[in-house]
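Chain by chain, the residues run as shown.
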Amino acid sequence: MIWLIAQRDLLAVFRDGSAWFLLAVAQVPLAWIFLGTLDPFLEPTTSAAGLDLALTRQVFGAATVLLLVVTPLLAGRALGSELQAGLEALHGTAPLRLSEWLLGKFLATAILNLPFCLLPLALCLSLYGTAPLDVGVLLAATLGLWLASLAFAAVGLFAASLSARPATAAPLAYALLLLLSVLARGEELAAAAVGWLSWLSWQQHLFWPFVGVVRSSDVLYFVLLSALFLALAHRQLDNRRYR
């Protein structure tokens, strides 16, 4: 049932062309940053060592910002449109669990994010054979980017569960993600006793994948963050049934 819901949402997005449009638009800034990153390495006196790390820092970093902007919009649209139409009441009377409905929306958004995550990888792999690239570093960065997009999707679904209006849900999701991104500065502004705040920042957990290191703690962080906001969204949607 989860796959059927995800499949329906995917077909709806690809049929109206919005996914193709967003993917085409995303190529422009990523390609520009990709070419700009290559410029210093084209000098005859410049060594190509460290090119892969420069690409992950610049190109994958830009892709992270794009996903942060796009993912809450996709998640909010997937959930908000049905909430505005009152379809959650119909789902409540159908032989369909609320958790299955929510996970179907989450799965659809996760699959939609895959092309956005693979786009910077494709740009970097276009240099394969002509530059010394560490494919392992690029694959680790791609995995980290996709895991981050899962957390963005969960936050977007939670924001949509609070407000079915995209104009309200998207800024709320952005505010939550921005708050989670700046928690790392708590170590600089507060005492060392609250240094654990940095662990709550998703930016801190993207650093290691972007340098080619996949740590179980980073993977666990994104899984737990996604599960937390999905649970909050489930709770909020469950409360809507009894209003």
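Predicted, not measured: the structure shown is a model, and the values here were computed from it.

J.: Would you take a moment to explain the pattern of salt bridges for this structure?
T.: A pair can form between side chains of opposite charge whenever their charged atoms are brought close. One pass over the full model with this rule turns up three salt bridges. Its salt-bridge partner being Lys105, residue Asp9 comes within 3.1 Å of it at the nearest N-O pair. Residue Asp9 is found in helix α1 (residues 2-16), and its partner Lys105 is found in helix α5 (residues 98-125); the two are separated by 96 residues along the sequence. On the basis of relative accessibility, which here comes to 0%, the residue Lys105 falls in the buried class. Two residues, Asp218 and Arg215, come together in a salt bridge whose shortest N-O distance is 3.0 Å. For Arg215, a relative accessible area of 32% translates into the label partly exposed. Connected through salt bridges with shared partners, the residues Arg8, Asp9 and Lys105 form a single ionic network.

J.: What is the right way to look at the packing of aromatic side chains in this model?
T.: How two aromatic rings sit relative to each other is set out by the distance from centre to centre and by the angle between their planes. All chains considered together, the criterion is met by five aromatic pairs. When the centroid spacing of 5.2 Å and the interplanar angle of 80° are considered together, the rings of Phe152 and Trp202 count as edge-to-face. Of this pair, Phe152 sits in helix α6 (residues 135-162) while Trp202 sits in helix α9 (residues 202-210), and the two are 50 residues apart along the sequence. Under the relative-accessibility criterion, Phe152 is labelled buried at 1%. With relative accessibility at 5%, the residue Trp202 sits in the buried group. Pairing Phe158 with Phe229 gives two aromatic rings, centres 5.7 Å apart and planes at 55°, and the pair type is tilted. With Phe158 in helix α6 and Phe229 in helix α10 (residues 216-240), the pair connects residues that are 71 residues apart, well separated along the chain.

J.: Got a minute to help me understand α1 in this structure?
T.: The α-helix winds at 3.6 residues per turn, so residues separated by three or four positions along the chain end up facing the same way. Look at α1: 22 Å from first C-alpha to last across 15 residues, which is about the 21 Å you get at 1.5 Å a residue. Gly17 sits one or two residues past α1 and shows a positive phi near 85°.

J.: What is the right way to look at empty space enclosed by the protein in this model?
T.: Vacant regions in the atomic arrangement are exposed by a probe of water-molecule size rolled over the atoms. Enumeration over the complete set of coordinates arrives at three cavities of 30 Å³ or more. Considered as a void within the structure, the largest cavity measures approximately 40 Å³ in volume. Forming the walls of the largest cavity are Ala140, Leu143, Gly144, Leu147, Pro209, Val214, Arg215, Asp218 and Val219. When residues of the lining of the largest cavity are traced back to their parent elements, those giving at least two are α6 and α10. Per-element tally for the lining of the largest cavity: the top contributor is α6, with four residues.

J.: Help me understand the packing of α1 against α5 in this model?
T.: The description of two helices packed together rests on the angle between their axes and the distance between the axes. Where α1 meets α5, the closest approach of the two axes is 7 Å, and the angle between their N-to-C directions is 45°. As summarised for this structure, α1 and α5 are arranged oblique, according to the angle between their axes. Considering only the axes of α1 and α5, their crossing is right-handed. Each of Ile2, Trp3, Ile5, Ala6, Arg8, Asp9, Leu10, Val13 and Phe14 in α1 lies in contact with α5, whose residues at this interface are Glu100, Trp101, Leu103, Gly104, Lys105, Leu107, Ala108, Ile111 and Leu112. Across the contact of α1 with α5, the residue classes break down as 13 nonpolar, one polar and four charged.

J.: So what exactly am I meant to see when it comes to the side chain of Ser201 here?
T.: Considering the arrangement of structural elements, one finds Ser201 in the loop between α8 (186-189) and α9. Owing to a relative accessible area of 0%, Ser201 belongs among the buried residues under this scheme. At a separation of 3.3 Å, a polar atom in the side chain of Ser201 contacts the main-chain carbonyl oxygen of Leu180. Polar side-chain contacts of Ser201 include one of 3.2 Å to the backbone oxygen of Ser181.

J.: What exactly am I supposed to notice about the confidence of the model for the chain here?
T.: Note: predicted coordinates in regions of low pLDDT should not be interpreted at a detailed level. Overall, the prediction assigns the chain a mean pLDDT of 83, with 85% of residues at 70 or greater. Considering each helix and strand of the chain separately, the mean pLDDT is smallest for α8, with a value of 52, and largest for α6, with 93.

J.: Whenever I open this one, α9 confuses me. Can you help?
T.: Regarding α9, the residues found buried are Trp202, His205, Leu206, Pro209 and Phe210. In an axial view of α9, the angular spread of the buried residues amounts to 140°, which keeps them on one side of the axis. Residue Gly212 follows α9 closely and has a positive phi angle near 95°.

Reading the values: rules and limits
- Residues numbered from 1 in each chain as written.
- Predicted model: local features only at pLDDT ≥ 70, side-chain atom pairs only at ≥ 80, totals over all residues.
- Heavy atoms only, no water.
- Salt bridge = Lys/Arg side-chain N within 4 Å of Asp/Glu carboxyl O.
- Helix = DSSP H or I, 4+ residues; strand = E, 2+ residues; numbered from the N terminus.
- Buried < 20%, exposed > 50% of the residue type's maximum accessible area, 1.4 Å probe, protein only.
- Phe/Tyr/Trp six-rings, centres within 6.5 Å; stacked < 30°, edge-to-face > 60°.
- Expected span 1.5 Å × (residues − 1).
- 1 Å grid on protein atoms, 1.4 Å probe; cavity = no way out; pocket = protein on both sides within 12 Å on 5 of 7 lines; lining within 4 Å.
- Points joined across faces, edges and corners; volume = space filled by probe spheres on them.
- Axes fitted to C-alpha atoms, helices over the stretch in contact; angles between N-to-C directions.
- Parallel < 35°, antiparallel > 145°, perpendicular 65-115°, else oblique.
- Left-handed = near helix turned anticlockwise from the far one by under 90°.
- Contact = heavy atoms within 4.5 Å.
- Nonpolar A, V, L, I, M, F, W, Y, C, P; charged D, E, K, R; others polar.
- Polar contact = N/O pair within 3.5 Å; in protein donor to acceptor, adjacent residues only side chain to side chain.
- pLDDT = per-residue confidence, 0-100.
- Arc of directions from axis to C-beta.

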